[in-house]
Amino acid sequence: MLDAISSTGERHTIPIRIDQLARLFNSLDPTPFHERDLDEDAERFIVDWAEEAPDDGPIAIVVQLPSGEADTAVKRVVQDAIRYNFESRAKQASRELRQLLREGRRALFIGVPILAFSLIASQLVTNLSGEGAFSRVASESLVIFGWVANWRALEIFLYDWWPIMRRGRLYRRLAAADVQVLAY
């Protein structure tokens, strides 16, 4: 159903050869063609191969249909559907990123006071109990507890947001891709 990818010059081309137009779309989606979701396999194929495209070059998606199905109206439907699908995915990634950053702020709002309390408590334990083994264990445990309370916020702000940002950028590039429909 789906063919391989090629890169010509500066434009990265993803050819998709299908035997009927309906295979390009999710069969369970009842909305009109131009607003329908792409079939999972077709979308995954496009995304997987678009990830291999250079970050700075444009992407072209070439959908090859049987000659009986590749008329002007179908071309417009396919172009609109692919654009709509990836614009929707880009918006979804933006919402996901906003929600993740909101979660990170909440985690930071909770974690920083706990860290401050833990550092103060650690210092108090050291000052009140001296330099004994129990005092050192309790003091270090409080410091560790304070940093663990910030683990999720640090994880979000250092690592978790990158893949979502990258995926959103890829979806925006795919939404802006030059979509061509050719007959075979």
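Residues numbered from 1 in each chain as written. Predicted model: local features only at pLDDT ≥ 70, side-chain atom pairs only at ≥ 80, totals over all residues. Heavy atoms only, no water.

### Structural notes on the packing of helix H1 (residues 40–50) against helix H4 (residues 151–175)
And then number 1: Across the interface, H1 lies against H4 with an axial gap of 11 Å and an inter-helix angle of 110 degrees. Comparing their axes, H4 and H1 come out roughly perpendicular. Across the interface between the two elements, Glu-43, Ile-46, Val-47 and Ala-50 from H1 touch Leu-170, Tyr-171 and Leu-174 from H4.
And then number 2: In terms of residue class, the contact of H1 with H4 is built from six nonpolar, no polar and one charged. (Axes fitted to C-alpha atoms, helices over the stretch in contact; angles between N-to-C directions. Helix = DSSP H or I, 4+ residues; strand = E, 2+ residues; numbered from the N terminus. Parallel < 35°, antiparallel > 145°, perpendicular 65-115°, else oblique. Contact = heavy atoms within 4.5 Å. Nonpolar A, V, L, I, M, F, W, Y, C, P; charged D, E, K, R; others polar.)

### Structural notes on the packing of H1 against helix H2 (residues 72–129)
And then number 1: Taken N-terminus to C-terminus, the directions of H1 and H2 make an angle of 70 degrees; their axes are 12 Å apart at the nearest point. With respect to each other, H1 and H2 are oriented roughly perpendicular. In this structure, H1 contributes Glu-43, Ile-46 and Val-47 to the contact, and H2 contributes Asn-85, Phe-86 and Arg-89.
And then number 2: Its residues assigned to classes, the contact of H1 with H2 comprises three nonpolar, one polar and two charged.

### Topic: a positive patch on the surface
And then number 1: A surface patch of positive charge is lined by Lys-91, Arg-95, Arg-98, Arg-102, Arg-105 and Arg-106.
And then number 2: Note that Arg-106 resides in helix H2. (Patch = residues over 30% accessible without salt bridge, like charges linked within 9 Å, V, L, I, M, F, W, Y side chains within 5 Å. Areas by Shrake-Rupley, 256 points an atom, 1.4 Å probe, with all protein chains shown as cover. Salt bridge = Lys/Arg side-chain N within 4 Å of Asp/Glu carboxyl O. Lys, Arg positive; Asp, Glu negative; His and termini not counted. Charge placed at Lys NZ, Arg CZ, Asp CG, Glu CD.)

### Remarks on a nonpolar patch on the surface
And then number 1: Residues Trp-147, Leu-154, Leu-158 and Tyr-159 make up a contiguous nonpolar surface patch of about 450 Å² in total accessible area.
And then number 2: At three residues, H4 tops the list of elements feeding residues into the nonpolar patch.
And then number 3: Structurally, Leu-158 is set in helix H4.
And then number 4: A relative accessible area of 47% places Leu-158 in the partly exposed class. (Buried < 20%, exposed > 50% of the residue type's maximum accessible area, 1.4 Å probe, protein only.)

### Brief notes about H2
And then number 1: Taking 1.5 Å per residue as the helical rise, H2 with its 58 residues ought to reach 86 Å, and the 83 Å between its terminal C-alpha atoms agrees with that figure.
And then number 2: Directly after H2, the chain includes Gly-130, whose backbone phi takes a positive value near 85 degrees. (Expected span 1.5 Å × (residues − 1).)

### Describing the nonpolar core
Across soluble globular proteins, nonpolar side chains show a tendency to be buried alongside one another.
And then number 1: Ranked by size, the top nonpolar core spans 31 residues in total, and within it Ile-46, Ile-61, Val-78, Phe-86 and Leu-174 carry the most contacts.
And then number 2: Listing elements by their share of this core, those giving two or more residues are strand E2 (11–17), H1, strand E3 (59–65), H2, H4 and strand E4 (178–183).
And then number 3: Setting aside residues no more than four positions away along its own chain, Leu-174 makes contact with Ile-46, Val-47, Ala-50, Ile-59, Ile-61 and Phe-86.
And then number 4: Residues Ala-93, Leu-97, Leu-100 and Ile-164 belong to the second largest nonpolar core, which totals five residues. (Core = buried A, V, L, I, M, F, W, Y, C linked by side-chain atoms within 4.5 Å.)

### Structural notes on the confidence of the model for the protein
A low pLDDT score tells you not to read the predicted coordinates there in detail.
And then number 1: Looking at the protein as a whole, its pLDDT mean stands at 89, while 91% of the residues score no less than 70.
And then number 2: Averaged pLDDT values for the elements of the protein fall to 50 in strand E1 (residues 6–8) and rise to 96 in H4. (pLDDT = per-residue confidence, 0-100.)

### Points about H4
Each α-helix winds once per 3.6 residues, and so residues spaced three or four apart point in a common direction.
And then number 1: Taking 1.5 Å as the rise per residue, H4 with 25 residues should run 36 Å; its terminal C-alpha atoms sit 36 Å apart, in good agreement.
And then number 2: Where H4 is concerned, the buried positions are Ala-153, Ile-156, Ile-164, Gly-168, Leu-170, Tyr-171, Arg-173, Leu-174 and Ala-175.
And then number 3: On its buried face, H4 is in contact with H1, E3 and H2.

### Section: the packing of aromatic side chains
And then number 1: Within the structure shown, the criterion is met by three aromatic pairs.
And then number 2: The ring of Tyr-184 has Arg-17 lying over it, and the distance from NZ or CZ to the ring centre is 3.7 Å. (Phe/Tyr/Trp six-rings, centres within 6.5 Å; stacked < 30°, edge-to-face > 60°. Lys NZ or Arg CZ within 6 Å of the ring centre and 35° of its normal.)

### Considering the environment of Ala-81
And then number 1: Among the structural elements, Ala-81 can be located in helix H2.
And then number 2: Considering only alpha carbons, one finds Ala-81 and Leu-142, 61 residues apart in sequence, at a separation of 55 Å.

### So, the pattern of salt bridges
And then number 1: One pass over the full model with this rule turns up nine salt bridges.
And then number 2: Of the charged contacts, one joins Glu-96 and Arg-167 as a salt bridge, the two residues approaching to 2.9 Å between their closest N and O atoms. Linking Glu-96 in helix H2 with Arg-167 in helix H4, this pair joins segments that are 71 residues apart in sequence.
And then number 3: A relative accessible area of 32% means that Glu-96 is categorised as partly exposed.
And then number 4: You can call Arg-167 partly exposed: its relative accessible area is 31%.
And then number 5: Connected via shared salt-bridge partners are Glu-103, Arg-152, Glu-155 and Asp-160.

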